[in-house]
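# Residue-level structural notes
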Amino acid sequence: MSEKHHAGPFDIGVTAWPGGSLDAPTLAEQGRVAQSLGFHSYWLPESHFAGRSALPSPLTLLAVVAAHTEDLKLGTTSYLLPIRQALQAAEEVAVLDQLSGGRLILGLGRGMAGDTFHAYGIEARSKRQRFAANLDIMRRAWRGDILDGTEDAVLAPLPHQRPHPPLWVAAFGPLALAQAGGLGLPYLASPMETPTELAHNYKLHAEAVKEAGHASPEDVPIMRTVFACEDRALCHRVGEALADRLPPAFKRDGVSIDDWAILGGANHVAEQLALLREQLGTTLIIGGGRLPALDPAAVYSSLESLARIRESMKQD
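Predicted model only: the values in this text are computed from it and were never measured.

### Focus: the overall build of the protein chain
In terms of regular secondary structure, the protein chain is built from 10 helices and 9 strands. For the protein chain, the C-alpha radius of gyration of 19 Å lies close to 20 Å, the compact-globule estimate for 316 residues. Here the C-alpha coordinates of the protein chain stretch approximately 65 × 45 × 40 Å along the principal axes. Sequence separation of at least 24 residues holds for 75% of the intrachain contacts in the protein chain that already meet a minimum separation of 6. Entry remark: accessible area of the protein chain is about 15000 Å², with carbon and sulfur atoms responsible for 53%. Across the protein chain, the centroid of the 28 positively charged side chains sits 2 Å from that of the 36 negatively charged ones.

### Some thoughts on the sheet that holds strand E8 (residues 261–264)
One open sheet holds the 9 strands; their spatial order is E6-E5-E4-E3-E2-E1-E9-E7-E8, and the pairing between them is parallel. Looking along the sheet, the strands with just one partner apiece sit at the ends: strand E6 (187–188) and E8. Of the strand pairs in this sheet, strand E7 (residues 221–228) and strand E9 (residues 284–288) are connected by 5 bridges, and their pairing is parallel. From the neighbouring strand, Pro221 faces E9, where its bridge partner is Leu284.

### Here's the deal with helix H9 (residues 266–280)
Given a rise of 1.5 Å per residue, 15 residues ought to cover 21 Å, and the 21 Å separating the end C-alpha atoms of H9 matches this to within 8%. Those residues of H9 not exposed but buried are Val269, Leu273, Leu276, Arg277, Gln279 and Leu280. Elements that come into contact with the buried residues of H9 comprise strand E1 (11–15), helix H7 (195–211), E7, E8, E9 and helix H10 (296–315). One or two residues past the end of H9 sits Gly281, with phi positive at roughly 70°.

### A short note on the nonpolar core
If you look at soluble globular proteins, the nonpolar side chains tend to sit buried side by side. Judged by nonpolar contacts, the single largest core of 81 residues is most densely connected at Phe39, Tyr42, Trp142, Phe227 and Leu273. At 7 residues, H10 tops the list of elements feeding residues into this core.

### A short note on unusual backbone geometry
Each neighbour pair has its own omega, and for Ala156 with Pro157 the value is 0°, a cis peptide bond. Its place among the elements puts Pro157 in the loop between helix H5 (127–143) and strand E5 (167–170). Between Arg162 and the following residue, Pro163, the backbone shows a cis peptide bond with an omega angle of 0°. Within the element layout of this structure, Pro163 appears in the loop between H5 and E5. Within the chain, Phe49 stands out as a residue other than glycine whose phi angle is a positive 60°.

### Brief notes about the pattern of salt bridges
The tally for this structure, following the rule as stated, stands at 11 salt bridges. One salt bridge in this structure joins Lys203 and Glu207, with 2.7 Å as the shortest N-O distance. One end of the pair, Lys203, and the other, Glu207, are both in helix H7, 4 residues apart, so they sit about a helical turn from each other. Connected through shared salt-bridge partners, Asp11, Arg310, Glu311 and Lys314 make up one network.

### Re the side chain of Ser100
With respect to the helices, strands and loops of the structure, Ser100 is situated in the loop between helix H3 (86–99) and strand E4 (104–109). Residues in contact with Ser100, not counting those within four places in the same chain, are Ala66 and Leu74.

### A short note on the packing of aromatic side chains
Counting across every chain of the model gives 4 aromatic pairs. A centroid spacing of 6.3 Å and a plane angle of 40° characterise the contact between Phe49 and Tyr120, whose relative ring orientation is tilted. Note that Phe49 is positioned in the loop between strand E2 (41–44) and helix H2 (58–67) and Tyr120 in the loop between helix H4 (114–119) and H5, a separation of 71 residues in sequence. By relative accessible area, which is 58% here, Phe49 ends up exposed. The cationic tip of Arg110 hangs over the ring face of Phe131; the distance from NZ or CZ to the ring centre is 5.0 Å.

### Structural notes on the packing of helix H1 (residues 24–36) against H2
As a packed pair, H1 and H2 sit with axes 8 Å apart at the nearest point and diverge in direction by 55°. Compared by their axis directions, H1 and H2 come out oblique. The crossing of H1 and H2 is right-handed. Of the residues in H2, those touching H1 at Ala24, Leu27, Ala28 and Gly31 are Leu61, Val64 and Val65. Partitioning the contact of H1 with H2 into residue classes produces 6 nonpolar, 1 polar and no charged.

The rules behind the values
- Residues numbered from 1 in each chain as written.
- Predicted model: local features only at pLDDT ≥ 70, side-chain atom pairs only at ≥ 80, totals over all residues.
- Heavy atoms only, no water.
- Helix = DSSP H or I, 4+ residues; strand = E, 2+ residues; numbered from the N terminus.
- Rg over C-alpha atoms; globule rule 2.2 N^0.38 Å.
- Contact = heavy atoms within 4.5 Å.
- Areas by Shrake-Rupley, 256 points an atom, 1.4 Å probe, with all protein chains shown as cover.
- Lys, Arg positive; Asp, Glu negative; His and termini not counted.
- Charge placed at Lys NZ, Arg CZ, Asp CG, Glu CD.
- Pairing = 2+ DSSP bridges.
- Expected span 1.5 Å × (residues − 1).
- Buried < 20%, exposed > 50% of the residue type's maximum accessible area, 1.4 Å probe, protein only.
- Core = buried A, V, L, I, M, F, W, Y, C linked by side-chain atoms within 4.5 Å.
- Salt bridge = Lys/Arg side-chain N within 4 Å of Asp/Glu carboxyl O.
- Phe/Tyr/Trp six-rings, centres within 6.5 Å; stacked < 30°, edge-to-face > 60°.
- Lys NZ or Arg CZ within 6 Å of the ring centre and 35° of its normal.
- Axes fitted to C-alpha atoms, helices over the stretch in contact; angles between N-to-C directions.
- Parallel < 35°, antiparallel > 145°, perpendicular 65-115°, else oblique.
- Left-handed = near helix turned anticlockwise from the far one by under 90°.
- Nonpolar A, V, L, I, M, F, W, Y, C, P; charged D, E, K, R; others polar.

See below:
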């Protein structure tokens, strides 16, 4: 990673953190904490058929957070388009954007779990085509175009943000990166790739953006597993738990936990985040990730440290 970027706009958001089931009171409290600490945004992924850890309806869950916060932005890291009916998805996105007063950032995904596609009766090999087709329908609906097959029907309500909330694309692999770049949309980087892998991915994405004739996206968001803690033994235990829970698709020879997770004292975390900003031009770090269950005091202490790091980096 030899290329350096001039420091530009920068901020830090957070994903849902461990602390029990994601019921309405828990979500509301996490949103209030994220807002009180000054974080840019609060993010939820999407997952299906995973027991208590499943998050099948992130927009519904974010509506709870919207009702208990005022200026905190709300994001999805992987709203799965291939499994959805496009117009219904467009309506649900518009409703949440209106409900939140225009605070939604829609991170889009294609999905990786074969069981999910099978359960929904969708061929996994068609996911990119379905993603593109659904997104096209949704964008036209959000513009207020007359809906296909009707004489004068238009989507209502339209999103608060015009023509729609910011769209980012979670991508893993060259085909997904090419699709994101071909659409001219920002690439939302995975939390489990090394800085070297990320630099390569951004190069592929930039090439696809240029080839499609789009301007380079201003947003450069990166998800990162972050835990700020001065207790080295606890950081080590967190690292071991993360390594044990790493999905098979992300297990690579020669890659250690320190290559993709940021675990350590506040100074170490600040240095690693600054490096991502300098080397990749990162504009938003979405911190958190697949952390194991932790003592609530340790979680809050990490969040406080990350909030202080955010303030310091925004002033640089």
